[in-house]
Amino acid sequence: MVIWVTGASSGIGEELVYQLSKLGVSLVLSARRVQELERVKRRCLENGILKEKDIFVLPLDLTDRSSHEAATKAVLQEFGKIDILVNNGGQSQRSLCVDTNLDVFKELMELNYLGTVSLTMCVLPHMIERKQGKIVTVNSLLGIISAPLSSGYCASKHALRGFFNCLRVELAEYPGIVISNICPGPVQSNIVKNSLTEEVTKSVGIDTVQSHKMATSRCVRLMLISMANDLKEVWIADHPFLLVVYLWQYMPTWAWWLTNILGKKRIENFKNGLDADISYFKTWKTKHD
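Rules used in this analysis
Residues numbered from 1 in each chain as written. Predicted model: local features only at pLDDT ≥ 70, side-chain atom pairs only at ≥ 80, totals over all residues. Heavy atoms only, no water. Helix = DSSP H or I, 4+ residues; strand = E, 2+ residues; numbered from the N terminus. Rg over C-alpha atoms; globule rule 2.2 N^0.38 Å. Areas by Shrake-Rupley, 256 points an atom, 1.4 Å probe, with all protein chains shown as cover. Expected span 1.5 Å × (residues − 1). Bend = angle between axes of the 7 residues up to and from the residue. Polar contact = N/O pair within 3.5 Å; in protein donor to acceptor, adjacent residues only side chain to side chain. Buried < 20%, exposed > 50% of the residue type's maximum accessible area, 1.4 Å probe, protein only. Core = buried A, V, L, I, M, F, W, Y, C linked by side-chain atoms within 4.5 Å. Contact = heavy atoms within 4.5 Å. Arc of directions from axis to C-beta. Pairing = 2+ DSSP bridges. Right-handed = clockwise from strand over helix to strand, strands pointing away. Axes fitted to C-alpha atoms, helices over the stretch in contact; angles between N-to-C directions. Patch = residues over 30% accessible without salt bridge, like charges linked within 9 Å, V, L, I, M, F, W, Y side chains within 5 Å. Salt bridge = Lys/Arg side-chain N within 4 Å of Asp/Glu carboxyl O.

K.L.:
Help me get a handle on the overall build of the protein, residues and values and all.
P.N.:
The helix and strand tally for the protein stands at nine helices and seven strands. Its C-alpha atoms give the protein a radius of gyration of 19 Å, within 12% of the compact-globule value 19 Å for 289 residues. Seen through its principal axes, the protein has C-alpha atoms that stretch 50 × 40 × 40 Å. Element-wise, carbon and sulfur atoms account for 54% of the exposed surface of the protein, whose accessible area totals about 13800 Å².

K.L.:
Summarise helix 4 (residues 102–130); cite the residues concerned and give the values.
P.N.:
The end-to-end C-alpha distance of helix 4, which contains 29 residues, comes to 41 Å, matching closely the 42 Å that a straight helix rising 1.5 Å per residue would cover. Considering bend angle alone, the principal kink of helix 4 is centred on Glu110 and spans about 35°. The residue sitting at the N-terminus of helix 4 and contributing the capping side-chain oxygen is Asn101; that oxygen lies 2.8 Å from the backbone nitrogen of Asp103. At the exit of helix 4 stands Lys131, carrying a positive phi of roughly 60°.

K.L.:
Can you explain the side chain of Ser180? Please cite residues and give values.
P.N.:
If you trace the backbone, Ser180 turns up in strand 6 (residues 177–184). Overall, the relative accessible area of 3% leaves Ser180 in the buried class. For Ser180, the side chain forms a polar contact with the main-chain oxygen of Leu231, separated by 2.8 Å.

K.L.:
Give me the lowdown on the nonpolar core, citing residues and values where you can.
P.N.:
Proteins that are soluble and globular tend to have nonpolar side chains buried together. Within the largest apolar cluster, 32 residues are counted, with the highest numbers of intra-cluster contacts made by Leu29 and Val86. With residues near it in sequence (within four places) discarded, Leu29 still touches Val5, Ala8, Val17, Leu37, Val40, Lys41, Ile55, Phe56, Val57 and Leu58. By size, the runner-up hydrophobic cluster in this structure holds 28 residues, among which are Met127, Ile135, Phe164 and Ile177.

K.L.:
Before we move on, could you go through helix 2 (residues 34–46) and cite the residues and values that matter?
P.N.:
Between its terminal C-alpha atoms helix 2 stretches 19 Å, which fits the 18 Å expected from 13 residues at 1.5 Å a residue. Taken together, the buried positions of helix 2 are Leu37, Val40, Lys41 and Cys44. End-on, the buried residues of helix 2 take up no more than an arc of 105°, which puts them together on one face. Among the exposed residues of helix 2, those pointing more than 90 degrees away from its buried face are Gln35, Arg42 and Glu46. Where the residues of helix 2 are buried, they touch helix 1 (11–21), strand 2 (26–30) and strand 3 (55–57).

K.L.:
Talk me through the pairing of strand 2; I want residue IDs and the actual numbers.
P.N.:
With five of five residues buried, strand 2 is to be regarded as a mostly interior element. Across five bridges, strand 1 (residues 2–6) lies against strand 2 in parallel orientation. Looking at the pairing, Trp4 lines up with Val28 of strand 2. In this sheet, strand 3 lies alongside strand 2 in parallel orientation, the contact comprising three bridges. Residue pairing for strand 3: Leu27 is matched across the bridge by Ile55. Note on the crossover from strand 2 through helix 2 to strand 3: the handedness is right-handed.

K.L.:
Just give me the short version of the pairing of strand 1, but keep the residues and values in it.
P.N.:
For strand 1, a buried count of five out of five residues is recorded, marking the element as mostly surrounded by other parts of the structure. Side chains of strand 1 alternate between two faces, with Val2, Trp4 and Thr6 and Ile3 and Val5 buried alike. Both strand 1 and strand 4 (residues 84–87) contribute to a ladder of three bridges, which runs parallel. Within strand 4, the position partnered with Val5 by the bridge is Val86.

K.L.:
How would you summarise the sheet that holds strand 4 if you had to cite specific residues and measurements?
P.N.:
The strand order across the open sheet built from seven strands is 3-2-1-4-5-6-7, with neighbouring strands paired in parallel fashion. Looking along the sheet, the strands with just one partner apiece sit at the ends: strand 3 and strand 7 (233–236). The sheet shows a mean angle of 15° between the axes of neighbouring strands, taken without regard to direction. Packed onto the sheet, helix 3 (residues 68–79) meets strand 1, strand 2 and strand 3 and runs at close to 155° relative to strand 3.

K.L.:
Now, about a nonpolar patch on the surface: what can you tell me, with residues and values included?
P.N.:
A cluster of nonpolar residues, Tyr246, Tyr250, Met251, Trp254, Trp257 and Ile261, forms a patch on the protein surface that exposes about 730 Å² of accessible area. If you list the elements that add at least two residues to the nonpolar patch, you get helix 7 (241–250) and helix 8 (252–271). Of all the elements, helix 8 adds the most residues to the nonpolar patch, at three residues. By the secondary structure assignment, Tyr246 is in helix 7. For Tyr246, a relative accessible area of 39% translates into the label partly exposed.

Rendered as structure tokens:
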């Protein structure tokens with residue numbers, strides 16, 4: 001099986017590649033940072049299951065949409081097929097809407113939405129021709145609900161969910177092609193550190209406390225179970241965040257009320273230089289323990 005993972009140089013993508021490498025699949029690793037991809041490849045080879053020929057490092061910039069067709073052809077030339085495309089590349093945001101330059105919203109849509117759609121559209125004809133394949137997109141719980149400090153990120157993730165839900169219906173005549181939306185909540189990674197702020201040239205750049213977030217390895221383990229069972233949409237998070245999403249789904253009026261309360265605290269944490277979600281997660285975790 002040939003699996004192409006974007007955003008494979010860090011976070012969920014990196015951990016996904018490590019766990020996949022233990023399953024004996026052929027891997028295509030894509031991201032912008034070539035040196036980081038080579039580092040990930042070396043670690044994958046350490047377990048002794050995969051050989052050098054089983055891992056193809058393919059640098060890719062999702063915002064450079066003109067390169068996606070050539071990248072797809074390179075994968076097909078290397079392995080002859082693409083069984084699973086994992087759309088994992090993307091970037092988050094930490095800034096108030098009124099303070100944010102319009103270029104930030106443009107960058108988030110270019111990377112998170114249009115870049116992912118473009119690559120999918122390049123791979124899709126190959127899967128249609130074979131009448132099989134999986135397109136797995138790492139979305140976010142913020143593609144279902146909304147939260148302050150992430151207006152551009154939420155918009156891009158809501159757009160992704162709408163696109164792939166529509167695509168799934170359009171591909172109904174190809175039951176062998178699976179469209180899967182994976183929606184994680186807070187996970188231990190550098191996504192907050194690398195988040196855009198009020199300017200496109202400025203990221204958060206500092207590490208935040210992450211002990212209250214789900215371990216990346218557990219998130220990826222649940223992703224793999226979801227992929228193996230061809231689930232259409234999966235929400236992966238600890239409480240209370242998962243509980244909030246269920247409220248949005250089934251009791252939206254209550255959800256708006258609760259979101260206003262939690263949102264104020266989220267903004268307060270952000271202004272005080274803390275992780276946006278640490279306070280109510282810490283309280284919940286203490287009670288749970």
